[in-house]
Amino acid sequence: MSETVYRDRRMQAWVRKIIGAHDIRDIFVFCSLMAPYVDVIKHGRRIVVDVVDVDSEKWGAYAHRARWPLNKVYCFEQRHVRSLERRAAAGCDRALFVSKAEAATFLQFAPELSNQVGILENGVDVDHFDPDRNYPNPFEAGNPAIVFTGVMDYWPNIDAVAWFASEALPAVRRIHERAQFWIVGTNPAASVRKLSRQPGVQVTGAVKDVRPYLANAACCIAPMRIARGVQNKVLEAMAMAKPVVLTPAALEGLSAIPKRDVLVASDASGFADCVIKILSGCADQLSRAARARIETDYSWDKNLKVLDSLYQRGPLDAVPSTSGPDRQPASVNTR
């Protein structure tokens, strides 16, 4: 279904027209669903596909949680998206993944493609997400804000905020009764809007700028129970020098060190305890370490050098893998 949704005859015609009219030698494809637009027009051109996440695994997670008949639909989608991911990687010169964990997951079902797999880690605009600027405070004074950001019609985000609001927030508010949980993001689903009826829950919908919400938060959370790749919401909160509490699923793929850069909890009781600890004043060291981790590992200036190495070389057969001093071979299973 995913491939059908993203298929467009006009787009295909435009791609062929542009490539036919110009001497285009290098092509960058963002996500496996765009790969079908170039899979028949290689002819010596260098093609790099940024697969980002192994989306087929997400459909498998959906299938695990859904009831019949949706679980069957999601299993069907997992099989077909997995086939698409394999074809996308096989038809290009490099298939890039957002982390070693994602690359290792892909290679579990496509080990024959290990020589074509590389890593392109995510990044943050560290100048844009600057914690030292002054941002207007959207929160009421005296009410510590626990902030979640994301597109709020996306199932993993919906599941995350519903789980935290029902399972962890009441325990937090028993200790910090004025604490409020702010759900910040576009297109909140009906089930998300209903959460605002619960004491201490605020749902904003779309906001012009997410930075004031991050800058003035007491704590940011990523209680993801379904997650793939690297969570941008976590990187942005860390860039703003905020203490972050997240689940193991949201941590996977990040270089952040638990208890030093972030706090990690796998169940509702532990998650609530971590938030309570931060609201009680144990956040300064986490905040500094979080920002330092972003500056060291997630600046675009550093991470985009992978693309420079791929596109600034000679013949296609001379293009190396992306392993090196800072990037271990993706075929090593680090999970």
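Here the structure is a predicted model, which means the values were calculated and not measured. (Residues numbered from 1 in each chain as written. Predicted model: local features only at pLDDT ≥ 70, side-chain atom pairs only at ≥ 80, totals over all residues. Heavy atoms only, no water.)

A. Summary view of the overall build of the protein. What the protein contains, in helices and strands, is 14 helices and 10 strands. Its C-alpha atoms give the protein a radius of gyration of 21 Å, near enough to 20 Å, the size a compact globule of 335 residues would have. Burial status across the protein gives 51% buried among its 335 residues. Pairs at least 24 residues apart make up 68% of the contacts formed inside the protein by residues separated by at least 6 positions. Accessible area of the protein: about 16,500 Å², with a carbon and sulfur share of 50%. Charged side chains of the protein number 43 positive and 37 negative; the gap between the two group centres comes to 4 Å. (Helix = DSSP H or I, 4+ residues; strand = E, 2+ residues; numbered from the N terminus. Rg over C-alpha atoms; globule rule 2.2 N^0.38 Å. Buried < 20%, exposed > 50% of the residue type's maximum accessible area, 1.4 Å probe, protein only. Contact = heavy atoms within 4.5 Å. Areas by Shrake-Rupley, 256 points an atom, 1.4 Å probe, with all protein chains shown as cover. Lys, Arg positive; Asp, Glu negative; His and termini not counted. Charge placed at Lys NZ, Arg CZ, Asp CG, Glu CD.)

B. Main features of a nonpolar patch on the surface. Taken together, the side chains of Met-1, Leu-70 and Val-73 present a nonpolar region at the surface, about 250 Å² in accessible area. Along the chain, Met-1 turns up in the segment before helix H1 (2-5). (Patch = residues over 30% accessible without salt bridge, like charges linked within 9 Å, V, L, I, M, F, W, Y side chains within 5 Å. Salt bridge = Lys/Arg side-chain N within 4 Å of Asp/Glu carboxyl O.)

C. Spotlight on the sheet that holds strand E9 (residues 244-246). If you trace the six strands from one edge of the open sheet to the other, you get E7-E6-E5-E8-E9-E10, paired in parallel fashion. This sheet does not close on itself; its edge strands, each paired only once, are strand E7 (201-205) and strand E10 (263-264). Across two bridges, strand E5 (residues 145-149) lies against strand E8 (residues 219-222) in parallel orientation. Bridge pairing in E8 links Ile-146 to Cys-219. Lying on the sheet, helix H9 (residues 232-239) is in contact with E5, E8 and E9; it crosses E9 at an angle near 160°. Relative to the sheet, helix H11 (residues 268-279) contacts E5, E8, E9 and E10, its axis offset from that of E8 by approximately 165°. (Pairing = 2+ DSSP bridges. Axes fitted to C-alpha atoms, helices over the stretch in contact; angles between N-to-C directions.)

D. Just the packing of aromatic side chains, in detail. This model, assessed by the stated rule, comprises 13 aromatic pairs. Between Phe-106 and Phe-109 the ring centres are 5.2 Å apart and the planes differ by 75°, which places this aromatic pair in the edge-to-face class. Note that Phe-106 and Phe-109 are positioned in helix H5 (residues 100-109) at a spacing of three residues, about one turn of the helix. As far as the burial class goes, Phe-106 and Phe-109 line up, both buried. Pairing Trp-163 with Phe-271 gives two aromatic rings, centres 5.7 Å apart and planes at 85°, and the pair type is edge-to-face. Residue Trp-163 is located in helix H6 (residues 155-175), and its partner Phe-271 is located in helix H11; the two are separated by 108 residues in the primary sequence. A single burial state applies to Trp-163 and to Phe-271, both of which are buried. Clustering of aromatic rings is evident, with ring pairs tying together Trp-59, Tyr-62, Tyr-74 and Trp-155. (Phe/Tyr/Trp six-rings, centres within 6.5 Å; stacked < 30°, edge-to-face > 60°.)

E. Molecular detail of the sheet that holds strand E4 (residues 117-119). A sheet is described by the order of its strands in space; here four strands give the open sequence E1-E2-E3-E4, paired in parallel fashion. Every other strand in the sheet has two partners, leaving strand E1 (26-30) and E4 as the edge strands with one partner each. Across the sheet, the axes of successive neighbouring strands diverge by a mean angle of 25°, strand direction being ignored. Bridge count for E1 against strand E2 (residues 46-52) is five bridges, and the pairing is parallel. Residue pairing for E2: Phe-30 is matched across the bridge by Asp-50.

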